[in-house]
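Coordinate analysis (summary)
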Amino acid sequence: MKMNAASKIYTALILAFLYLPIAVLIFFSFNEANSTSVFTGFSLQWYRELFADRETLKTLYNTLIIAVLSSAIATVIGTAAAVGIQSLGKWSKKLVMGVTNLPLMNPDIVTGVAMMLLFVFIMGLFGGTEILGFWTILIAHVTFNLPYVILSVNPKLRQLDPHLVEAAQDLGCPGRKAFFKVVLPNIMPGIVTGFIMAFTLSIDDFVISYFVSGPSFQTLPLRIYAMTKRRVEPSINALSTLIFVVVLVLLIIINVRQATDEKKLKKNIISAKNAGTK
Amino acid sequence: MSDNNIIDLKNITVEYDGEQVLKGLDLSIRDGEFVTLLGPSGCGKTTTLRIIGGFVEPDSGDVFFDGQRINGVQPYRRQVSTIFQRYALFPHLNVYENIAFGLRVKKVPEKELKVRVREAIELVGLRGFEKRHIDTLSGGQQQRVAIARSLVTRPKVLLLDEPLAALDLKLRKDMQVELKNIQKTLGITFIFVTHDQEEALSMSDTVIVMDKGVIQQIGTPQDIYNEPVNAFVADFIGESNIVDGVMLRDGLVRFAGQSIPCVDKGFEKNEPVDVVIRPEDIDVVEKGKSPLSGTVDSVTFKGVHYEAIVDVDGFKWMIQTTDLIREGEEIGILLNPDDIHVMKKSEYSGMFGDYSSFSDEMDTISQPDYDPEGESLPAEDEE
Ligand SMILES: Nc1ncnc2c1ncn2[C@@H]1O[C@H](COP(=O)(O)OP(=O)(O)OP(=O)(O)O)[C@@H](O)[C@H]1O
Ligand SMILES: [Mg+2]
């Protein structure tokens, strides 16, 4: 397709709007001076400062723990759910998938507030002990990660020949073992993609974490927000740059995986079509 | 083939959503036999196989394997193996590992496993393909992998659910011969499902014709072709003219306004019957040289013979003859007593065997359970 000048400019503008702020942020994270307007020279001092800051490092550690745990738990539960959904009848399947997709459309702020209310309500039941912290964040992250895992495992299950498990049983495999021997390996790509996606979203999340966190437990995005409230220090730029790069890398991995998957699928369909005539 | 039964089904009933799919099926299969289940789409062939394989539990009735009742025995404990309709190969394993699967599951020692997998690979002619990924294989090759994967576990009975349906005509013919050879070499029982009657006739020791969840006839291919029990079987296997008749007495049947000698007996006096005359058994003679005669409606050249639709006493017959006949011509129709096959009336009487609206295409589509998927394999004309 050839682009004319107008559409070229238009595209450039859109990209500029999207990426200029981030570009500026990255640019100034390497600034020597303590300024967000004048670039005086290249330096890594804000990164150094960042890694010297114990409080920041602790929240980084928290974020990673939450991301690993919540995505792992969501992956296990989500995969089991997807397998269960697949075995439902046509209409119940549609219904459950609809219910699963709903939270994806729901604004984060609504989810966040709702979860906070739930936790506070439970807190009330248990006599007012402070429960907002590690566990509530973990539960919240598992919850919002679940649909993404289900959505990435589900298509893999649908592509599977429904007789695979029976074929395995037929060859001497008891039922449950057959699942681990032939279903799991075949849906693994979807499970891994789901895991990475959940991990990314967990690192990324601010809004929901904001509502369900307590003073005892902070994540990195919450830390950044807290820092901006005081004095905007260039080390925030450094931190944001790092988060941006990590998330970007993860997103690229997810997209590449999905693209190669689709290619494979297309190839399979073509070869299956030819198979009969060869 | 031995005399003891390897599989017995006794009064098997299966229901789906209140609909009876198998209605009191009784069936015995001898050890080492090549048996074919033949019938139109939806008649319950796959369901019957799945009962033997253990994937469907009958709502009532008993399944016996080698004399032992095996209702409720899990599929993985049964000494039968299935070739699924779409092969169901494991996409995450290569050819070798697909074939080795059953042995690995049973923890067969590596040394023995290697020998047995090699044997199976040789048997189906897949040497050199061991490392290939299964989605790089053609349909015929995938089929071979499926066969090897089942045979390597040394089942006593192999269940094959329309294994050749996805292959083109040429490959299908080759595989028919090959499957038959494998079965003879190994001497194990094959239960083969198809809705292609030619395939059934050419491969089997025994053919079981089913319709609507009921076995219509069990017999050798010759029996089924020459002595169909009712209009359904006569029509499903090959081409047939099926006309209304009355059995006057043993050896004499009246139809098309004439009394004709036949070889059938054992009917009541004046019992209404269906009379089957195969198109290729009919001799065309000069008008007047036979009590039966008709007017030629149309003639189609078929290579080996002509195929004519002839109006006999208001009923359209199909006649296959090598004699040249012309449209509009009046011909005599000569039938030897053993060209005539007399059947008892059945629920199928009057539904089949009239060629008044005949065209090749029409014939296929007007089959009661016409399966659009089976398009590639329409019932072939008899040579
Ligand atoms: N799991 C199921 N649930 C509901 N109905 C079923 C199920 N399996 C089969 N049936 C019905 O049972 C009948 C017989 O099916 P079956 O698969 O045995 O037919 P078939 O003879 O193998 O046909 P085909 O030649 O099309 O494979 C069909 O009417 C089918 O719709
Ligand atoms: Mg079937």
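Predicted model, so just to flag it, every value in this text is computed and none were measured.

Conventions we followed
Residues numbered from 1 in each chain as written. Chains lettered and ligands numbered in written order. Predicted model: local features only at pLDDT ≥ 70, side-chain atom pairs only at ≥ 80, totals over all residues. Heavy atoms only, no water. Helix = DSSP H or I, 4+ residues; strand = E, 2+ residues; numbered from the N terminus. Rg over C-alpha atoms; globule rule 2.2 N^0.38 Å. Buried < 20%, exposed > 50% of the residue type's maximum accessible area, 1.4 Å probe, protein only. Contact = heavy atoms within 4.5 Å. Areas by Shrake-Rupley, 256 points an atom, 1.4 Å probe, with all protein chains shown as cover. Lys, Arg positive; Asp, Glu negative; His and termini not counted. Charge placed at Lys NZ, Arg CZ, Asp CG, Glu CD. Salt bridge = Lys/Arg side-chain N within 4 Å of Asp/Glu carboxyl O. Near = heavy atom within 4 Å. Polar contact = N/O pair within 3.5 Å; in protein donor to acceptor, adjacent residues only side chain to side chain. Nonpolar A, V, L, I, M, F, W, Y, C, P; charged D, E, K, R; others polar. Domains from an automatic or database assignment. Phe/Tyr/Trp six-rings, centres within 6.5 Å; stacked < 30°, edge-to-face > 60°. Lys NZ or Arg CZ within 6 Å of the ring centre and 35° of its normal. Patch = residues over 30% accessible without salt bridge, like charges linked within 9 Å, V, L, I, M, F, W, Y side chains within 5 Å. Pairing = 2+ DSSP bridges. Axes fitted to C-alpha atoms, helices over the stretch in contact; angles between N-to-C directions. Parallel < 35°, antiparallel > 145°, perpendicular 65-115°, else oblique. Left-handed = near helix turned anticlockwise from the far one by under 90°.

Here the focus is the overall build of chain A. Along its length, chain A carries 11 helices and zero strands. Whereas a compact globule of 278 residues would reach a radius of gyration of roughly 19 Å, chain A reaches 23 Å, over 25% beyond that. Taking the principal axes of its C-alpha atoms as reference, chain A extends roughly 70 × 65 × 35 Å. Out of the 278 residues belonging to chain A, those deemed buried represent 38%. Residue pairs in contact within chain A that sit at least 24 positions apart in sequence constitute 70% of those at least 6 positions apart. Element-wise, carbon and sulfur atoms account for 72% of the exposed surface of chain A, whose accessible area totals about 15,800 Å². Separation of charge centres in chain A, based on 24 positive and 14 negative side chains, amounts to 11 Å.

Right, let's talk about the pattern of salt bridges for a bit. Residue and element names in this part refer to chain B. Under the criterion given, the structure shown has 23 salt bridges over all chains. Aspartate 196 serves as the salt-bridge partner of arginine 172, at 3.4 Å between the closest nitrogen and oxygen. Here arginine 172, found in helix H5 (residues 169-186), pairs with aspartate 196, found in the loop between strand E8 (189-194) and helix H6 (197-203); they are 24 residues apart in sequence, far enough to count as distant. Residues joined in a network through salt bridges with shared partners are Glu97, Arg104 and Glu110.

All names here are of chain B. Surveying the vicinity of ligand 1 reveals the residues Tyr16, Val21, Ser41, Gly42, Cys43, Gly44, Lys45, Thr46, Thr47, Gln85, Glu162 and His195. At 2.5 Å from an oxygen atom of ligand 1 is found a side-chain nitrogen or oxygen belonging to serine 41. Within the backbone of cysteine 43, an N or O atom sits 3.2 Å from an oxygen atom of ligand 1. Contact with the protein chains hides 61% of the accessible area of ligand 1, taken as 640 Å² for the molecule alone. Ranked by residue count, the leading element in the shell around ligand 1 is helix H1 (residues 45-53), at three residues. Of the residues assigned to the shell around ligand 1, the class counts are three nonpolar, seven polar and two charged.

It is worth spelling out the domain arrangement of chain B at this point. In terms of domains, chain B is made up of domain 1 (5-225) and domain 2 (240-365). Once you take the C-alpha centre of each, domain 1 of chain B and domain 2 of chain B turn out to be 38 Å apart.

Attention now moves to the packing of aromatic side chains. Describing an aromatic ring pair means giving the distance of the ring centres and the angle of the ring planes. Applying the stated criterion across every chain yields a total of 21 aromatic pairs over all chains. Seen from their ring centres, Phe206(A) and Tyr210(A) are 5.5 Å apart, and the 40 degrees between their planes marks the pair as tilted. Since its relative accessible area comes to 38%, Tyr210(A) is described here as partly exposed. One Lys or Arg, Arg149(B), reaches over the ring of Phe90(B) and ends 4.6 Å from the middle of that ring. Above the face of the Tyr225(B) ring, Arg278(B) is positioned so that its terminal group lies 4.0 Å from the ring centre.

All names here are of chain A. The topology assignment puts tryptophan 46 in helix H2 (residues 45-52). Owing to a relative accessible area of 5%, tryptophan 46 belongs among the buried residues under this scheme. Distance from tryptophan 46 to asparagine 237, taken between C-alpha atoms, is 8.1 Å for residues 191 residues apart in sequence. When neighbours within four sequence positions are excluded, tryptophan 46 is seen to be in contact with Ser29, Asn31, Glu32, Ala33, Asn34, Pro234, Ser235 and Ala238.

Chain A puts 23 residues into the contact, and the matching count from chain B is 31 residues. Here chain A is connected to chain B by one salt bridge. Ionic pairing is found between Arg50(B) and Glu166(A), a salt bridge with its closest N-O pair at 2.7 Å. Contributions of two or more residues to the side of chain A that touches chain B are made by helix H7 (164-170), helix H8 (175-204) and helix H11 (234-275) of chain A. The leading source of residues in the side of chain A that touches chain B is H7(A), at six residues. By residue class, the composition of the side of chain A that touches chain B is nine nonpolar, eight polar and six charged.

Together, Tyr10(A), Ile14(A), Leu15(A), Leu18(A) and Tyr19(A) make up an exposed nonpolar region whose accessible area comes to about 530 Å². One can find Tyr10(A) in helix H1 (residues 5-29).

Attention now moves to the sheet that holds strand E10 (residues 214-219) of chain B. Residues and elements named next belong to chain B. Overall, mixed pairing links the six strands, which are arranged E6-E7-E8-E3-E9-E10 in an open sheet. Every interior strand has two partners, whereas the edge strands, strand E6 (80-83) and E10, have only one. Between one strand axis and the next, the sheet turns by 20 degrees as a mean value, whatever way the strands run. The pairing of strand E7 (residues 157-161) with E8 spans five bridges and is classified as parallel. Bridge pairing in E8 places leucine 158 opposite phenylalanine 190. Of the strands in this sheet, E6 and E7 touch helix H4 (residues 139-151), which is tilted by about 170 degrees from E6. Each of strand E3 (34-38), E7 and E8 is contacted by H5, which is oriented at about 160 degrees to E8, the strand it contacts most.

What follows concerns the packing of helix H3 (residues 54-86) of chain A against helix H6 (residues 134-159) of chain A. Residues and elements named next belong to chain A. Running from N to C, H3 and H6 point in directions that differ by 40 degrees, and their axes come no closer than 6 Å. Between H3 and H6, the angle is such that the two are oblique. Every pair of crossing elements has a handedness; the one defined by H3 and H6 is right-handed.

Residue and element names in this part refer to chain B. The sheet built from five strands is open, its strands ordered E15-E19-E16-E17-E18 with antiparallel pairing. Each edge of the open sheet is held by one strand with a lone partner, namely strand E15 (283-285) and strand E18 (315-321). In this sheet, adjacent strand axes meet at a mean angle of 45 degrees when their direction is disregarded. In the sheet, strand E16 (residues 292-301) pairs with strand E17 (residues 306-312) via six bridges, with the strands oriented antiparallel. When the sheet's bridge partners are listed, phenylalanine 301 is paired in E17 with tyrosine 306.

Residues and elements named next belong to chain A. For the pair H6 and H8, the least separation of the axes is 8 Å and the interaxial angle reads 150 degrees. By the angle between their directions, the pair H6 and H8 is classed as roughly antiparallel. By crossing handedness, the relation of H6 to H8 is classed as right-handed. Contacts from His141, Phe144, Asn145, Tyr148, Val149, Ser152, Val153, Lys156 and Leu157 in H6 reach Val183, Asn186, Ile187, Pro189, Gly190, Ile191, Thr193, Gly194, Met197, Ala198, Leu201 and Ser202 in H8. Grouping the amino acids of the contact of H6 with H8 by side-chain chemistry returns 12 nonpolar, eight polar and one charged.

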